[in-house]
Amino acid sequence: MALENIVVSREDSVGLIQLNRPKVLNALNGALMEELAAAVDEFDHDSAIHCIIIHGTDRAFSAGADIEQMSAATPAMMLENSWINRNFERLRRASKPIIAAVSGYCLGGGCELAMTCDMVIASETAQFGQPEINLGVIPGAGGTARLARAIGKSRAMELILSGGRMSAKEAEMRGLVSRVVPGELYLEEAKKLAREIAGKPPIAVRFAKESINKVYELPLSEGLDYESRLFYTLFSTEDQKEGMSAFLAKRKPHWKGK
Ligand code: DAK
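In this report, we go over the structure that sits alongside the text.

Parameters at a glance
Residues numbered from 1 in each chain as written. Predicted model: local features only at pLDDT ≥ 70, side-chain atom pairs only at ≥ 80, totals over all residues. Heavy atoms only, no water. Core = buried A, V, L, I, M, F, W, Y, C linked by side-chain atoms within 4.5 Å. Buried < 20%, exposed > 50% of the residue type's maximum accessible area, 1.4 Å probe, protein only. Helix = DSSP H or I, 4+ residues; strand = E, 2+ residues; numbered from the N terminus. Contact = heavy atoms within 4.5 Å. Pairing = 2+ DSSP bridges. Near = heavy atom within 4 Å. Polar contact = N/O pair within 3.5 Å; in protein donor to acceptor, adjacent residues only side chain to side chain. Areas by Shrake-Rupley, 256 points an atom, 1.4 Å probe, with all protein chains shown as cover. Salt bridge = Lys/Arg side-chain N within 4 Å of Asp/Glu carboxyl O. Axes fitted to C-alpha atoms, helices over the stretch in contact; angles between N-to-C directions.

1. Examining the nonpolar core
Formed by 45 residues in total, the largest nonpolar core has its most connected members in Ile 17, Leu 36, Val 40, Ile 54, Val 102, Phe 128 and Leu 176. A per-element tally of this core places helix α1 (residues 30-44) first, with seven residues. Setting aside anything within four residues of it in sequence, one finds Ile 17 in contact with Ile 6, Val 7, Leu 36, Ala 39, Val 40, Phe 43, Ile 52, Ile 53, Ile 54 and His 55. Among the nonpolar cores identified, the runner-up in size contains 14 residues, and Ile 53, Ile 99, Ile 121 and Val 205 belong to it.

So this is what it looks like as structure tokens:
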């Protein structure tokens, strides 16, 4: 597929996807979402890639869904042609970790995209918000569900109902982002984290991601059971034997992903 809306590259075992509609602040249209989900699928099935980064430009991660594409839509058109939700679901199902490296505007569907990723590294210039209310709608790709879980009901309510924005510093303080770094370093820091994760045993990374995401949605007792089943399963891997033998022998482990 010829890519017109994203740029895909790789650095060793890290897959990079840049949203590439800078003239409209990386507004998410159907074509971009299809390309993005396909690129994530491809990296997810590529055994040489162990971590994925999604980023935009310094000015904007993404200013949300393409308002021009949606403005004349009917409910039937939005439902039938639900390019956002269908493709967000493809991202959510990826087994490899996805880092959102966010700088500048991260609004509406852009904020929902960042929240669909597993971690967010933010530039100090990042601004988060769900301004859909100003357009006569509400967040529709996870904004009300995920933002309230991430930062608490009261602040999510305030942000979504007022259409206001949250600074990177506040997003970090409230747990929406894992780290805020100086503007010129956000992508480098995301790559550093991705390389670190890519150097860990792949099946354990996959299970850790699966467990955190699953358990986040379950009652605690069910979550604990789910986590311990994955934990026990890891004792069937060669990497568990290698990791523990290497520790005892005081040498570096060599992961096989088996
Ligand atoms: N869509 C289309 N174009 C956009 C855009 C967007 N979301 N955001 C910005 N642009 C375009 C602007 O129209 C402008 O184009 P030109 O005039 O140059 O042709 C260009 O990007 C630069 O923007 P500005 O001139 O406005 O730049 P400023 O720095 O002055 O302002 C801004 C930046 C981000 C504050 C402002 O552009 C803005 O307020 N943008 C809209 C932000 C927004 O309302 N985002 C939420 C969109 S609604 C779904 C589920 C969910 C969704 C959709 C479907 N389903 C279940 C199917 C999600 C909906 C949304 O995200």
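2. Things to note about the pairing of strand β7 (residues 119-123)
Counting buried residues in β7 gives four out of five residues, a clear majority hidden from the surface. Both strand β5 (residues 98-102) and β7 contribute to a ladder of four bridges, which runs parallel. Each residue of the ladder has a partner; that of Val 102, found in β7, is Ala 122.

3. A look at the site of the ligand
Surrounding the ligand, one finds 25 residues, the nearest of these being Arg 59, Ala 63, Ala 65, Ile 67 and Gly 109. Here an oxygen atom of the ligand sits 2.8 Å away from a polar atom, N or O, in the main chain of Ala 65. Gly 109 has a polar backbone atom sitting 2.7 Å from an oxygen atom of the ligand. Relative to its unbound accessible surface of 1100 Å², the ligand loses 66% to contact with the protein. Broken down by secondary-structure element, the contributors of at least two residues to the shell around the ligand are α2 (67-70), α4 (83-92), β6 (105-107) and α5 (109-116).

4. Brief notes about the pattern of salt bridges
A complete count under the given rule lists 17 salt bridges for this structure. Between Arg 10 and Asp 46 there is a salt bridge whose closest N-O contact spans 2.6 Å. With a gap of 36 residues between them, Arg 10 in strand β1 (residues 6-11) and Asp 46 in the loop between α1 and β3 (51-55) connect regions that are remote in the sequence. Arg 10 gets classed as partly exposed once you look at its relative accessible area, which sits at 44%.

5. Comments concerning the sheet that holds strand β8 (residues 127-129)
In space, the four strands of this open sheet follow the order β4-β6-β8-β9, with mixed pairing throughout. Each having just a single partner strand, β4 (60-62) and β9 (165-167) make up the two edges of the open sheet. Across the sheet, the mean angle from the axis of one strand to that of its neighbour is 20°, orientation sign disregarded. Judged from the three bridges that link them, β8 and β9 form a sheet pairing that is antiparallel. Bridging from a neighbouring strand, Phe 128 pairs with Met 166 of β9. The sheet contacts of α5 involve β4, β6 and β8, and relative to β6 the element is tilted by about 90°.

6. So, unusual backbone geometry
Look at Asp 12: it is not a glycine, yet its phi comes out positive at around 50°. Here Asp 12 is to be found in the loop between β1 and β2 (14-19). With relative accessibility at 70%, the residue Asp 12 sits in the exposed group. Phi at Asn 26 takes a positive value of approximately 60°, unusual for a residue other than glycine. Positionally, Asn 26 belongs in the loop between β2 and α1.

7. Structural notes on the environment of Ile 121
Mapped onto the elements, Ile 121 comes out in strand β7. The class for Ile 121 is buried, based on a relative accessible area of 0%. Through-space distance from the C-alpha of Ile 121 to that of Thr 233 is 31 Å; in sequence the pair is 112 residues apart. Setting aside residues up to four positions removed in sequence, Ile 121 forms contacts with Ile 99, Ala 100, Ala 101, Val 102, Ser 178, Arg 179, Val 181, Tyr 186, Glu 189, Ala 190 and Leu 193.

These values are about where atoms sit, not about what they do.
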